[in-house]
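Architecture and fold: a report
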Amino acid sequence: MVNIQLLAYSSVPDSLAIQTRLSECSLKHVILDLSNIVSAFQICVGIMKSLLSEANGTMKTTDFQSEVMYNLSVSGRITEAIGQFGVKEGVSDIVVAIVHCDGSDTSTGKVTVSTTMLCDDPATAIVVDSIVQPEGAKHKNEVRREDAANLCSSSYSLDVNRLSTLKACYKLTDADIEGQGFDQIEQIIITRISVKNL
């Protein structure tokens, strides 16, 4: 069984330092720039494609984190995908996805994909919170953990600037999004990332 835990944070002052500290943990994770993420389901699709690639020995990148970013992108270029979804200087809204692979052995290619679900593991959340908001940090009270579903919701995702960013990232045309609601745009994007390598 694969469980995915999403922890979204806003007003993060140094996301690059958080990425470094998270890489020192034993958690299977990916940290993403939230600006190009449309939904929690999109993240799950990218993670599952990455787990399957890892299990089958067909990864296009060198590590799990960059493979997830590659699988979230419509681009076939790894560096472009990392640029779109990886954290960088100035990124203050992030989502940390923790992957719990209970009963799955990715080293032997046995991954149970039919039982993917989002989970809430308080112990893991405490560990990640302590990394994102360490005791005594100057900005501790400014950083907020948000509900990942709300940060990826239609109200967050469809303002004018956001639509422009999504159009550029996912190569959407005006015809693709004209008259479409959030759910339809989400479906278009997820379909594009799902069939990218077919």
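Up top you'll find the structure we're talking about.
Residues numbered from 1 in each chain as written. Predicted model: local features only at pLDDT ≥ 70, side-chain atom pairs only at ≥ 80, totals over all residues. Heavy atoms only, no water.

Most of strand β1 (residues 2-10) sits out of view: nine of its nine residues are buried. Looking at chain direction, β1 and strand β3 (residues 94-101) are connected through eight bridges and run antiparallel. Residue pairing across strands places Asn 3 opposite His 100, the latter belonging to β3. (Buried < 20%, exposed > 50% of the residue type's maximum accessible area, 1.4 Å probe, protein only. Helix = DSSP H or I, 4+ residues; strand = E, 2+ residues; numbered from the N terminus. Pairing = 2+ DSSP bridges.)

Our next topic: the pattern of salt bridges. As enumerated under the stated definition, the model contains six salt bridges in all. Of the charged contacts in the structure, one is a salt bridge between Lys 88 and Asp 33, with a shortest N-O distance of 3.4 Å. Here Lys 88, found in the loop between α4 (78-85) and β3, pairs with Asp 33, found in strand β2 (residues 29-33); they are 55 residues apart in sequence, far enough to count as distant. For Lys 88, a relative accessible area of 33% puts it in the partly exposed group. Judged by relative accessible area, which is 7%, Asp 33 ranks as buried. Residue Glu 80 pairs with Arg 77 through a salt bridge whose shortest N-O separation is 3.3 Å. By sharing partners, the salt bridges in this structure join Arg 77, Glu 80 and Lys 171 into a single network. (Salt bridge = Lys/Arg side-chain N within 4 Å of Asp/Glu carboxyl O.)

Right, let's get into unusual backbone geometry. Only a minority of non-glycine residues have a phi that is not negative, and only a minority of peptide bonds are not trans. Positive phi, close to 60°, is recorded for Ser 11, a residue that is not glycine. Considering the arrangement of structural elements, one finds Ser 11 in the loop between β1 and α1 (15-23). Exposure remark for Ser 11: the relative accessible area of 30% places this residue in the partly exposed category. Its identity as a non-glycine residue notwithstanding, Lys 171 has a phi of 55°, on the positive side.

Let us now look at the side chain of Ser 73. You can see Ser 73 is positioned in the loop between α3 (64-72) and α4. Residue classification places Ser 73 among the buried positions, given a relative accessible area of 0%. Polar side-chain contacts of Ser 73 include one of 2.9 Å to the side chain of Gln 84. In this structure, Ser 73 is in contact with Ala 81, Gln 84, Phe 85, Ile 193 and Lys 196, ignoring residues within four places of it in sequence. (Polar contact = N/O pair within 3.5 Å; in protein donor to acceptor, adjacent residues only side chain to side chain. Contact = heavy atoms within 4.5 Å.)

Counted by the stated rule, this structure contains one aromatic pair. Plain terms: the ring middles of Phe 85 and Tyr 170 are 6.3 Å apart, the flat faces sit at 55° to each other, and that makes the pair tilted. With Phe 85 in helix α4 and Tyr 170 in helix α8 (residues 160-170), the pair connects residues that are 85 residues apart, well separated along the chain. Both residues of the pair, Phe 85 and Tyr 170, count as buried. One residue, Lys 28, lies across the ring of Phe 64, its end atom 4.6 Å from the ring centre. Positioned above the aromatic ring of Tyr 70, the side-chain terminus of Lys 196 is 3.5 Å from the ring centre. (Phe/Tyr/Trp six-rings, centres within 6.5 Å; stacked < 30°, edge-to-face > 60°. Lys NZ or Arg CZ within 6 Å of the ring centre and 35° of its normal.)

What follows deals with the packing of helix α2 (residues 40-56) against helix α10 (residues 182-194). Close contact between α2 and α10 brings their axes to 10 Å; oriented N to C, the two are set at 10°. Accordingly, the angle class assigned to the pair α2 and α10 is roughly parallel. Along its contact with α2, which presents Phe 41, Gln 42, Val 45 and Lys 49, the element α10 presents Glu 186, Ile 189, Ile 190, Ile 193 and Ser 194. Of the residues belonging to the contact of α2 with α10, the class tally is five nonpolar, two polar and two charged. (Axes fitted to C-alpha atoms, helices over the stretch in contact; angles between N-to-C directions. Parallel < 35°, antiparallel > 145°, perpendicular 65-115°, else oblique. Nonpolar A, V, L, I, M, F, W, Y, C, P; charged D, E, K, R; others polar.)

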